[in-house]
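Okay, here's what each chain looks like letter by letter:
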Amino acid sequence: MTRVFSGIKPTGPVQLGNLLGALRHWVSDQDEADTIFCVVDLHALTVPQDPAELRTRTLELAQLLLAIGIDPARSTLFIQSHVREHAELSWLMECNASFGELRRMTQFKDKSDQAEFVSAGLFTYPALMAADILLYDTDRVPVGDDQRQHLELSRDLAIRFNSRYGDTFIVPEAAIAKVGARVMDLQHPTKKMSKSEDSPQGTILVLEDLDAVAKKIKRAVTDTETDVRFDTAEKPGVSNLLAILSACTGTTPETLAESYTRYGDLKSAVAEAVVETLRPIQERFAELAADPSGTAAILASGAEKAQAIAGPVLERARTNIGLLPQS
Ligand code: AQP
């Protein structure tokens with residue numbers, strides 16, 4: 001059975017891009033693959049975090065994943081730091097990644113440009129991400145388009161490790177959706193929507209008040225023309241709205257564009273589709289939030305299942321790279 005692995009950082013409230021670009025595919029992957037999903041809290045530490053807030057956000061993110069439909073009976077769901085193998089394999093990956101390759105990562109350039117404090121972890125982040133993926137003999141990684149370059153590096157590191165030290169890792173494939181893979185900020189439609197970005201009017205949060213969601217969509221930046229066309233270069237705002245509607249309805253953005261002649265009607269349709277996508281998630285989240293111990297039990301069992309896979313894979317890597325086994 002194909003093994004699918006992916007993760008999400010508890011760096012802020014989950015936004016619509018996370019849902020449409022990645023999380024909804026996690027849910028559908030459960031029907032056909034052996035799925036492992038992870039809240040990657042170690043990745044959140046690459047930028048300074050308030051400890052109490054990080055703990056709360058990590059638990060809430062796990063609850064949100066359950067609310068969107070991650071089913072613990074079919075998927076392994078756990079917290080990255082609960083499986084210590086991630087940090088150890090990350091070191092082996094760092095020692096096989098070159099400085100030049102890490103320096104070329106565009107996400108590092110973007111995030112370090114804006115940061116007051118640039119941690120070494122922010123720079124080596126992709127090596128930890130490679131470790132996350134490779135630890136589970138992963139075949140496929142469903143991610144949004146912003147992770148394409150990191151995924152490519154994970155593949156390169158697996159190939160390099162295998163050729164230097166013998167067959168150790170499965171070389172994973174990225175699974176990037178055709179629509180919704182890069183949801184853009186509603187106010188700055190040439191920038192991707194991000195959970196840690198300070199753009200409250202441009203970002204739709206999955207757990208946000210639904211009236212506020214509809215208002216933000218109705219105020220989304222478009223352009224001075226009037227025709228509805230899917231053209232990401234010339235009409236980024238309108239194209240973003242069409243892509244969001246497409247991801248919510250399953251109809252292609254080009255076909256949707258033919259149904260609308262006015263921006264106002266398009267915005268109303270997008271608002272309705274997004275609100276109806278978020279409503280059941282919010283209802284289920286409210287139920288789960290009332291029972292944190294239930295989620296904690298799911299996470300404990302998930303970590304145990306994850307560790308049972310990660311332990312032997314790490315051992316393989318340790319042996320092949322030449323670390324002396326403990327007697
Ligand atoms: N705007 C987006 N459109 C489509 N997919 C997106 N993803 C993120 N933003 C968009 C996908 O969501 C998954 C989880 O992301 P992550 O938490 O691992 O980190 P990220 O990619 O850096 O997402 P954010 O929201 O932008 O977080 P911050 O602000 O903390 O950096 C990934 O599969 C990602 O591709």
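Quantities reported herein were computed from a predicted structural model and do not represent experimental measurements. (Residues numbered from 1 in each chain as written. Predicted model: local features only at pLDDT ≥ 70, side-chain atom pairs only at ≥ 80, totals over all residues. Heavy atoms only, no water.)

Caption draft 1: How the structure looks around the pairing of strand β1 (residues 3-8). Of all the six residues making up β1, five are buried; the element is thus mostly covered by neighbouring parts of the structure. Pairing of β1 with strand β2 (residues 34-39) involves six bridges; the strand directions are parallel. Note on β2: the bridge partner recorded for G7 is C38. As for the winding sense of the linkage, the β-α-β connection from β1 through helix α1 (residues 16-29) to β2 is right-handed. (Buried < 20%, exposed > 50% of the residue type's maximum accessible area, 1.4 Å probe, protein only. Helix = DSSP H or I, 4+ residues; strand = E, 2+ residues; numbered from the N terminus. Pairing = 2+ DSSP bridges. Right-handed = clockwise from strand over helix to strand, strands pointing away.)

Caption draft 2: View of the site of the ligand. Residues in close proximity to the ligand total 24 residues, the closest being K111, D146, S194, K195 and S196. Side-chain polar atom of S196 to an oxygen atom of the ligand: 2.4 Å apart, as the coordinates give it. Starting from 640 Å² of accessible surface for the ligand in isolation, the protein chains cover 98%. Given that more than half its atoms are within 2 Å of the pocket grid, the ligand belongs to the largest pocket. By residue number, the principal contributor to the shell around the ligand is α1, which donates four residues. (Near = heavy atom within 4 Å. Polar contact = N/O pair within 3.5 Å; in protein donor to acceptor, adjacent residues only side chain to side chain. Areas by Shrake-Rupley, 256 points an atom, 1.4 Å probe, with all protein chains shown as cover. 1 Å grid on protein atoms, 1.4 Å probe; cavity = no way out; pocket = protein on both sides within 12 Å on 5 of 7 lines; lining within 4 Å. Sits in = over half its atoms within 2 Å of the grid points.)

Caption draft 3: Looking closely at the nonpolar core. Core analysis: the biggest nonpolar cluster contains 55 residues, and L16, L65, I217, L266, V274 and L278 have the highest contact counts within it. If one sorts the elements of this core by residue count, helix α12 (residues 263-289) sits on top with 12 residues. Excluding residues that lie within four positions of it along the chain, L278 makes contacts with L16, L19, I204, L205, V206, L210 and V213. Ranked by size, the runner-up nonpolar core spans 38 residues in total, among them V141, L151, F161 and A317. (Core = buried A, V, L, I, M, F, W, Y, C linked by side-chain atoms within 4.5 Å. Contact = heavy atoms within 4.5 Å.)

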